[in-house]
Amino acid sequence: MTPHMLTRSLDRGATIFLLVVAALGVLIPLSNLLLPAGSFLQVPTYLVALWGKYVCYAILALSIDLIWGYCGILSLGHGAFFALGGYAMGMYLMRQIGSRGVYGNPVLPDFMVFLNYSKLPWYWYGFDMFWFAALMVLFVPGLLAFCFGWLAFRSRVTGVYLSIITQAMTYALLLAFFRNDFGFGGNNGLTDFKDILGFNVQAEGTRAALFALSCLALILSFLICRSVVSSKLGKVLIAIRDAESRSRFLGYRVESYKLFVFTLSACMAGVAGALYVPQVGIINPSEFAPGNSIEAVIWVAVGGRGTLVGAALGAVVVNYAKTLFTSGMLAPYWLFMLGALFILVTLLLPKGIVGTFNAWWDQSKEKSVAAASASAAAEDGVTEPKMAE
Amino acid sequence: MPTNLSARFCTFVLSLFLIAFALPAFAGPFEDAVAKFANDDYSDTEEAIGVVAGSGNKLAFPIISALQDGRLMADSDSKKVYITGADGKSIDAATGEPVASVPDSASAVRLNNRLRRSVDAAIGSLTLQSPDIGTRLQAAQSVFKSHEETALEAVDGALAKETNKSVKAALGDARAAILLFKPDATEVEKLEAVATLKARGDQEALALLTGMGDQPASVTKAAASAISSIQSSLAVWSTVQNAWYGLSLGSVLLLAAIGLAITFGVMGVINMAHGEMVMIGAYTTFVVQEVIRTRYPGLFDYSLLIAVPLAFVVAGAIGVLIERSIIRFLYGRPLETLLATWGLSLVLQQAVRTMFGPTNREVGNPSWMSGAFELGQITITYNRLWILVFTLAVFAILLAMLRYTALGLEMRAVTQNRRMAASMGIATSRVDALTFGLGSGIAGIAGVALSQIDNVSPNLGQSYIIDSFMVVVFGGVGNLWGTLVGAFTLGIANKFLEPVAGAVLGKIAILVLIILFIQKRPRGLFALKGRAVEA
Amino acid sequence: MNVMDTRATSALLYLDGVHVSFDGFHAINNLSLTLAPGEMRAIIGPNGAGKTTMMDIITGKTKPDEGTVLFDGVTDLTRLDETRIAELGIGRKFQKPTVFESQTVQDNLLLALNVDHSVRGTLFWRGSKAESERIDKVLETIRLTDARNRLAGSLSHGQKQWLEIGMLLAQDPKLLLVDEPVAGMTDVETHLTAELLKEINKTHTVMVVEHDMTFVRELGVKVTCLHEGTVLAEGTIDQVSSNDRVVEVYLGR
C-alpha cells in the first residue's frame, strides 16, 4: 500500500470508523484485564469473547461487501472461505494439544486415534508451525477462490447463476467435511484446544489479546478494502458492477478484475475464520452450511452494501440482535425476525442503514448548499448543450 | 442321553408333524424334552430342540425363539425351564402357566455355534407350516440361508403340501441349498441343486456356490459355469437396478424442480422458498391424513387423491400471496429476490415448526403404494413406481397447459415480451401472480408425493432446494424439456456414481461436475441463443 | 476510396462471407464489407437487417459461424474476445446509451482513457497531468465541462449519447463503431452530433449505424444498406435511396 493510496482512502466516515474500532480494540481488553472483576466498567471475559466473535463477523461482512457492494458478485459461499481459514487455524491448535489429548498421542489428534489412523495424513504436515498455519489461512481460501473464480469468471457465469454455484460449492464442502475419512474430525470438527503460541486459549489475557488482534485485523481489512475501492481499480469494479459488457468494450479484462477482488475477499474471509476459531473454541462442518453464508450476506444488506462501514456495522448489529433474541423467551421467534429482516431490508431499505443515512446526509447537505447559493445550483442544473457553430 | 422310547417318539411326532401340522401335543415327551434344556448339556439341548420343534406344541415357537435370544432360563436343580418375555414376565416353558418369578438359581440355556444353527433351522422349519403365506416365505428363505441339514425333512414335507407358487419356489431353493451342503447327497441331487441355484441367479445363490467347499468334479464344474453365468447376469441386473434407482431419483428431482422451472425458468424469479412450498404440500398431506384417520378411516386409501388438489390450492394460494406481497416489488432485481425469498423460507419453516412441532410427522402410505414386486433380480417398490408415473403425468399436464390453454399462451407472451403483451391487453400483473402460483402449486403437489418417501419435517424443503436449482440450471433455463432431461441425467449419473464413489462423494462429484458444466455452458444443456438472451 | 478493392491488407476492416444464425434464424447472411483507413461509412437498413449483429461480430461479442473478419488486414477478429479487440483499437457506442450511471461524468471518461487497463495498473494508478488535460479536452468537445462532477445517470438522454461519444474519444481507437448516435436527440443536437462525427473522422475511421436519413445525408459519406443480413446496396446516399430494391425493402412489398 503506497501512501497516496492510504490518504486517498480515508474520508470522514472511514476515519471515524477506524478510530472507534481502534478505541474498542484497546479499551475493552484493558478494562477486562486491569479493572477488578464485577466492577461497573469492567468488561467480563465472556463478553470479550462474544464481541471478538462479532469483530470476526465484521471482517467477513467486509469481504462480502467488497465483492457484492462494489463488483456485484453475490457470493452465497463465503462461509466456506471463512470456515477454511478456521479449519487451518483449528489444525494448528489441534497440533498444539500434543500429548495432552485424551489418548495422549503426541502426534495424532484425538479423533484420528479414535478413527484408527496409523499416521498423520500428509495435508496435516506443517500445521504444528504457526507461520505455516497462518500462511494456509490465506492460501487455502485464496486458492479455492482463485480456481473457482478462474473457471466461473472466464466462462462469464454471472448474477444468480454465480450465486447458486457458490452455494453449491459450500454445500459440497459441507458434505465433504462431514465425512470422517476426510481427515478433519468429521461431524465433531476440531475442538478441545489448549494453547495458541504457547498461551492458554482459555486464559483471560489470551482472550483479550485475541480481541485486540481481531480489531487490528478489522482495521487492516478495512484499510485494504478502502484503498482498493478508492483506487481507479475501485472505479473499474463499479463499472463492471453496473455495465459489465460496456467495461469489456472499453478494454478491461473483466474476469481478471473479478478474480483479483474475489480472491482478495476470500483471503479476508479466511483471516476472519482463523481469528474466530480460537475465540469460540471449535470449528465444525456446520460452518459450511449454506444458511450461514447467506446470513452473512444479510448483515451486509442491513448495514448497507457498497459502504464498507455499513457491512461491518450490519454484522455487529444483526449478531448482537441474534445473541439477544436467541437466549431469552423470544428464542422461538428469532427465525421469524431474521426472515422478516431479509424481506423488509430488501423491500424497504435497499440501501441499508448506512446507505440510507448517507443518502439523507448528502441530500440535506445539498439543500443547505442550495439555500446558500441558489443561483450556483441553478447553473449546475443546466442540461441542454448550447448550440455552437 | 436319549432313551430309545423318546427317540422313537420323537421320530414319530416329527413325521406326524410333517404330514399334518398342529397335531395336539403329547404331553409327556414334550415336557421331558423341555426338561432336557435344564441339563446344561449341548447334546441334550440339541435333542430337545429337535423334539420341541417337532412337537407341534403351541409353546414350541416361543421356546425356540427364547432360546435363540438367550431368554430361555433353566433351573438345573428343579429341572424347570422358563421363558422370560421381553416385558420381564415369565412363563413355565413346559406348561405355559405364568410364574411369579424365575428362581435365582436359573440361568440362560447356553448355546454353541452348532446349536445356534440348529436353532435357526428349527425356527425355519417351525414356521414353514404357518398358515400365513408371508411367514412361510420368510421361513423358507431363512432355511435357504442357514441350509441346515436337519431342516431337509421339514422342507420336503412342506414342499409336498405347498400350493403357493412363490413359497414353493423358495422351498425348492432351500432344498437345493441344503442338498448342496449335505455331505451324503448324491451327485445327481447336487447337480440338480446347482441347476436350481443357477436358475435363482442372485447374490445369495452366488455366495452359496462359491462357498460350497469340496464337491465331486462334475459338481464343481457345473458350479463354475453356474457362477460365471450368475455373475454376468448379476452385472446386467445391477446396471438395470442402478438405472431404476436413477430413474427413481430423477423423478424425485424432476418433481421438486418442475415448479422451479416455472418460477425460475419461465419467470426468472429466484424463489429460495421453493423448497418450503414442497414442504407445505407434504404437511397438507399430513393434515389430510390426520382428518381421515380421526373422522373417516375408510377413506385412507384415497388420502393422496384428496391431498393432491388440496396441496396445489394451498401452496398455489400461498404462492400468489407471496408474489403479490413481495416478489412483484423485486422484478428485475434477482439478487434481492433471492435474499427476500430466503428470508421467506426461514419464516415459513419456523411457522410450520411452531404449528406442527420440529419433529418428523408420520405420513402413511396408502395400501396401493406400499409393498414391492420383483422384476427379475431387482425389487421395485410401488411408491417409487407411482412417483415416477405421477411425475411424468404432472410434467405432461403442465406441458399441455402451457401449450394449449389461454393462461399458458399469456404466460409465454408475458415472458417473451412483457411490454408487447401488456399493449395487447394482457393483464401482465395477473399473469405474473398466476404463473408464480402455478409454480408454487406444482411444488405443493411435489410435496404430496415426496411425503411418501421422505421425512415430513420443517426441513424437508431445504434438502431439495439446491438440487432443484442444479437441475433447472443444468437443463437450461426456460426449457421444460431441459428440466426433464436434466433431472433424469443427474438422477442416473448420481446412482451410477454412488457404487463407485460412495453416496456422499458421489453427490459431491455431481455438484463439482455441475459447477464445471455451468462454466462450460453457462446457459445449461438446452440454452436459448441470440441477442434476445442478453436483453 | 475504391469499393472494388479486394486486397484485404489495405482495408482497416474487412468482412467476407460472414454467416451467423441464432437457432435457425439467419441474422447475417454472406455479409461482405470493407472499410478503408480514414473512411467514414454510414450503415442503414430496416429493423432486423443485422446492423447491430454485425457490430457484435466486429467487437467480438458474437462469434460468426463462418467467414473472415480482418482488422488492419492482419488480425483475425473472430479469434479474439471483446477486451482484446478493444485493446487493438476498436471502440463502440451502443444503440442504447450505456454509460456508468453511478459514476461521475469525469470518472466515465477516466475509465475510458486508453491507459494501462490491467488490474495492477489500475490498483496503483495515480492521475497524471496529461490525463486530466485529455479529459478536460474531451469534456469541452462534448460540451459537458459544467457537468463533469455530476453522476452520469442524472444526464439527459442526449447528454448520455454525447458522453458515450466522449468516452470513445477518450479511448482514442483506430476504428469507431457508432450505433444510432442521434436516437432521441433534438434536431439541433442531431446537427451538432453530425458536426462532431465529421470532426472525429478527421483523425479516426468511423462506422455509423443510423436510421435518421437527414442525419446520414448531413454526414455526406458513402452509405451501405443492409437487408436480411446481407449488403443490398452501396454508394452515395442519393444512389442508395434511389435504388429500387432499397425502396422496396423500406416500403415493404
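Quick caveat, the model's predicted, so the values are computed rather than measured. (Residues numbered from 1 in each chain as written. Chains lettered and ligands numbered in written order. Predicted model: local features only at pLDDT ≥ 70, side-chain atom pairs only at ≥ 80, totals over all residues.)

S.K.: Would you take a moment to explain the overall build of chain B for this structure?
M.R.: Within chain B one finds 22 helices and 7 strands. By the compact-globule yardstick of 24 Å for 535 residues, chain B is too spread out, its C-alpha radius of gyration being 32 Å. Along the first, second and third principal axes, the C-alpha atoms of chain B reach 105 × 60 × 35 Å. Counting over 535 residues, chain B shows a buried share of 45%. When contacts within chain B are restricted to residue pairs at least 6 apart in sequence, those whose partners lie at least 24 apart make up 69%. (Helix = DSSP H or I, 4+ residues; strand = E, 2+ residues; numbered from the N terminus. Rg over C-alpha atoms; globule rule 2.2 N^0.38 Å. Buried ≥ 20, exposed ≤ 12 C-beta atoms within 10 Å, placed from the backbone. Contact = placed C-beta atoms within 7 Å.)

S.K.: What's the story with the domain arrangement of chain B in this structure? I'm lost.
M.R.: Many analyses report the size of an interface as the accessible area lost when the parts associate. With domains assigned, chain B is organised as domain 1 (33-114), domain 2 (130-215) and domain 3 (239-520). Averaged C-alpha coordinates put domain 2 of chain B and domain 3 of chain B at centres separated by 46 Å. (Domains from an automatic or database assignment.)

S.K.: Is there a simple way to think about the interface of chain A and chain B in this case?
M.R.: Taken together, the contact pairs 36 residues of chain A with 34 residues of chain B. Of all elements in the fold, only helix H6 (130-154), helix H7 (159-178), helix H12 (290-303) and helix H14 (334-348) of chain A reach the threshold of two or more residues within the side of chain A that touches chain B. In terms of residue count, H7(A) provides more of the side of chain A that touches chain B than any other element does, 13 residues in total. Residue classes in the side of chain A that touches chain B are distributed as 28 nonpolar, 6 polar and 2 charged. (Nonpolar A, V, L, I, M, F, W, Y, C, P; charged D, E, K, R; others polar.)

S.K.: What is the right way to read the sheet that holds strand E1 (residues 72-75) of chain B from this model?
M.R.: Strand pairing within a sheet occurs via backbone hydrogen bonds; the two strands may be parallel or antiparallel. All names here are of chain B. Ordered by their spatial adjacency, 5 strands build an open sheet running E4-E3-E2-E1-E5, and the pairing between neighbours is antiparallel. In this open sheet, the two edge strands, each paired with only one partner strand, are strand E4 (98-99) and strand E5 (107-108). In this structure, strand E3 (residues 90-92) lies alongside E4, joined through 2 bridges in antiparallel fashion. Residue isoleucine 91 lies in a different strand from E4, and its bridge partner there is proline 98. (Pairing = 2+ DSSP bridges.)

S.K.: Whenever I open this one, the nonpolar core confuses me. Can you help?
M.R.: Among the nonpolar cores identified, the biggest contains 280 residues, and Ile59(A), Leu60(A), Ala61(A), Leu62(A) and Ile298(A) are the most heavily contacted of them. Broken down by element, the residue count for this core peaks at 17 residues, all from helix H3 (residues 45-71) of chain A. With near-sequence residues (within four places) excluded, Ile59(A) lies in contact with Ala217(A), Leu218(A), Ser221(A), Met268(A), Val271(A) and Ala272(A). Grouped together as the second largest cluster of nonpolar side chains are 61 residues, Ala48(B), Val81(B), Ala151(B) and Ala226(B) included. (Core = buried A, V, L, I, M, F, W, Y, C linked by C-beta atoms within 7 Å.)

S.K.: Mind showing me how you'd approach the packing of helix H11 (residues 217-266) of chain B against helix H19 (residues 462-475) of chain B here?
M.R.: A packed helix pair is summarised by two numbers, namely the angle formed by the two axes and the spacing between the axes. Residue and element names in this part refer to chain B. It is at 8 Å that the axes of H11 and H19 come closest, and there the two elements cross at 65°. Taken together, the axes of H11 and H19 are roughly perpendicular relative to one another. By crossing handedness, the relation of H11 to H19 is classed as right-handed. Contacts between H11 and H19 pair Leu253, Ala256, Ala257, Leu260, Ala261, Phe264 and Gly265 from the former with Tyr464, Asp467, Ser468, Phe469, Val471 and Val472 from the latter. Of the residues belonging to the contact of H11 with H19, the class tally is 10 nonpolar, 2 polar and 1 charged. (Axes fitted to C-alpha atoms, helices over the stretch in contact; angles between N-to-C directions. Parallel < 35°, antiparallel > 145°, perpendicular 65-115°, else oblique. Left-handed = near helix turned anticlockwise from the far one by under 90°.)

S.K.: Could you clarify how one ought to interpret the environment of Ser128(C) in this entry?
M.R.: For Ser128(C), the location among the structural elements is in the loop between helix H4 (119-123) and helix H5 (129-141). The sequence separation of Ser128(C) and Lys93(C) amounts to 35 residues, and the corresponding C-alpha distance is 26 Å.

S.K.: Honestly, helix H1 (residues 51-58) of chain C in this entry has me stumped. Any pointers?
M.R.: Side chains three or four residues apart in an α-helix point the same way, a direct result of the helix having 3.6 residues per turn. Residues and elements named next belong to chain C. Across the 8 residues of H1, 7 count as buried, placing the element largely inside the fold. Taken as a whole, H1 has its buried residues at Lys51, Thr53, Met54, Met55, Asp56, Ile57 and Ile58. Backbone geometry just downstream of H1 places glycine 60 in the positive-phi region, at approximately 90°.

S.K.: Please clarify how the confidence of the model for chain A should be interpreted in this entry.
M.R.: Low-pLDDT portions of the prediction should not be read for the details of their coordinates. Residue and element names in this part refer to chain A. Predicted confidence across chain A gives a mean pLDDT of 89, with 94% of residues reaching 70 or more. Mean pLDDT across the elements of chain A ranges from a minimum in helix H16 (residues 374-380), with 44, to a maximum in helix H11 (residues 254-280), with 96. Note that residues 375-389 has pLDDT below 50 and, in this model, 13 contacts with residues that lie over four places away or in other chains. (pLDDT = per-residue confidence, 0-100.)

S.K.: Mind showing me how you'd approach the pairing of strand E2 (residues 25-35) of chain C here?
M.R.: Consecutive side chains of a regular strand alternate in pointing toward one face of the sheet and then the other. Residue and element names in this part refer to chain C. Across 7 bridges, the pairing between strand E1 (residues 13-22) and E2 is antiparallel. Bridging across to E2, valine 20 finds its partner in isoleucine 28. Connecting the antiparallel pair E1 and E2 is a turn made up of 2 residues, with aspartate 23 showing a positive phi of about 45°.

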